[in-house]
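Chain and residue survey
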Amino acid sequence: MCTDLLRSQLGMSAYTLDENLKGITHEESMRRIEPGGNFINWILGHIVRTQVEILPLIGVRSPYPLDEFSLYRGDPNVAEGDELSLGELQKRYGELRTLLDQSIGNLTAEDLDAPAPFSPTGKADETVGTLLATIAYHEGYHAGQIGMLRRALGRPGVLKVD
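Let me sum up the structure you'll find in this document. Not measured: the values here are computed from a predicted model. (Residues numbered from 1 in each chain as written. Predicted model: local features only at pLDDT ≥ 70, side-chain atom pairs only at ≥ 80, totals over all residues. Heavy atoms only, no water.)

**Let's talk about the packing of helix α1 (residues 3–21) against helix α6 (residues 128–152)**
Between two packed helices, the angle of one axis relative to the other and the distance separating the axes together describe the packing. Put simply, α1 and α6 touch, their axes get as near as 9 Å, and they point 20° apart. Relative to α6, α1 is oriented roughly parallel. Crossing of α1 against α6: the hand is left-handed. In this structure, α1 contributes L6, Q9, L10, S13, T16, L17, E19, N20 and L21 to the contact, and α6 contributes G129, L132, A133, A136, E139, G140, A143, I146, G147 and R150. Across the contact of α1 with α6, the residue classes tally to nine nonpolar, seven polar and three charged. (Axes fitted to C-alpha atoms, helices over the stretch in contact; angles between N-to-C directions. Helix = DSSP H or I, 4+ residues; strand = E, 2+ residues; numbered from the N terminus. Parallel < 35°, antiparallel > 145°, perpendicular 65-115°, else oblique. Left-handed = near helix turned anticlockwise from the far one by under 90°. Contact = heavy atoms within 4.5 Å. Nonpolar A, V, L, I, M, F, W, Y, C, P; charged D, E, K, R; others polar.)

In structure tokens:
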């Protein structure tokens, strides 16, 4: 597994996420398009929570305690007023994204091949590298979700092919 590839995948997800969040207000981020569905604030908080969880796996202490993101796990049942602001989530995402990118760049082939302490997909042979690849997919999936929610809010799409 190549750290450059992981960093590239996470970089594309970050670019997509940043572009899809441009101009979105906190109020818009709390709007549910369908009852019980994900909404932008929850999705971004969920991504940030995942980054906080994954950093110790690669030997890095998160600057934020995991319990600050308890609302962003499982079902998106965040009550308005309990959430972190969209701006705060974006700030934390940026900081964690930089830390994650730098840390992945320092990993060796042996680090990536080491057994992972858990597997969100239930793989018995999960390694740190395959887990990081799953995290990259996870971020890309949710960045695309935010793009669709952006359009559902009546905002124009931002990722267009010329």
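**Focus on the nonpolar core**
Inside soluble globular proteins, nonpolar side chains tend to come together where they are buried. Grouped together as the largest cluster of nonpolar side chains are 42 residues, with contacts concentrated most on L17, I40, L44, I58, F69, I104 and L132. Among the elements of the structure, α1, α3 (40–54), α4 (86–105) and α6 are those that each provide at least two residues to this core. Setting aside residues no more than four positions away along its own chain, I104 makes contact with T3, L6, R7, L10, I58 and L132. (Core = buried A, V, L, I, M, F, W, Y, C linked by side-chain atoms within 4.5 Å. Buried < 20%, exposed > 50% of the residue type's maximum accessible area, 1.4 Å probe, protein only.)

**Describing the side chain of E19**
In this fold, E19 is placed in helix α1. For E19, a relative accessible area of 15% gives the class buried.

**Examining the packing of aromatic side chains**
Tallied over the full model, the rule gives two aromatic pairs. With centroids separated by 6.4 Å and ring planes inclined at 85°, the aromatic side chains of Y64 and F69 adopt a geometry described as edge-to-face. Overall, Y64 belongs to the buried group, its relative accessible area being 11%. Here F69 falls in the buried class, since its relative accessible area comes to 0%. (Phe/Tyr/Trp six-rings, centres within 6.5 Å; stacked < 30°, edge-to-face > 60°.)

**Regarding the side chain of E28**
Mapping E28 onto the fold places it in helix α2 (residues 26–29). Of note is the side chain of E28, whose polar atom sits 2.9 Å from the backbone nitrogen of T25. Each residue touching E28, except ones within four places of it in the same chain, is listed here: G23, L153 and R155. (Polar contact = N/O pair within 3.5 Å; in protein donor to acceptor, adjacent residues only side chain to side chain.)

**Remarks on a nonpolar patch on the surface**
On the surface, a nonpolar cluster with roughly 310 Å² of combined accessible area is contributed by M12, Y15 and L159. With respect to the helices, strands and loops of the structure, L159 is situated in the segment after α6. Taking relative accessible area as the criterion, L159 reaches 42% and is therefore assigned partly exposed. (Patch = residues over 30% accessible without salt bridge, like charges linked within 9 Å, V, L, I, M, F, W, Y side chains within 5 Å. Areas by Shrake-Rupley, 256 points an atom, 1.4 Å probe, with all protein chains shown as cover. Salt bridge = Lys/Arg side-chain N within 4 Å of Asp/Glu carboxyl O.)

**Notes on the pattern of salt bridges**
Under the definition given, this model contains nine salt bridges. The salt bridge partner of R92 is E68, with a shortest N-O separation of 2.5 Å. Of this pair, R92 sits in helix α4 while E68 sits in the loop between α3 and α4, placing them 24 residues apart in sequence. Among the residues examined, E68 registers a relative accessible area of 33% and is labelled partly exposed. Put simply, R97 and D101 hold a salt bridge, and the shortest N to O gap is 3.8 Å. One end of the pair is R97 and the other is D101, both in helix α4 and four residues apart, which spans about a single turn. Among the charged side chains, a network of salt bridges with common partners joins E68, E88, K91, R92 and E95.

**Quick look at the packing of α1 against α4**
Relative orientation of the contacting elements α1 and α4 amounts to 165°, with a least axis distance of 10 Å. With respect to α4, the axis of α1 lies roughly antiparallel. The element α1 and its partner α4 pack so that their crossing is left-handed. Residues T3, L6, R7, L10, G11, S13, A14, L17, D18 and L21 of α1 lie in contact with α4, whose contacting residues are L86, Q90, Y93, R97, L100, D101, I104 and G105. Across the contact of α1 with α4, the residue classes break down as nine nonpolar, five polar and four charged.

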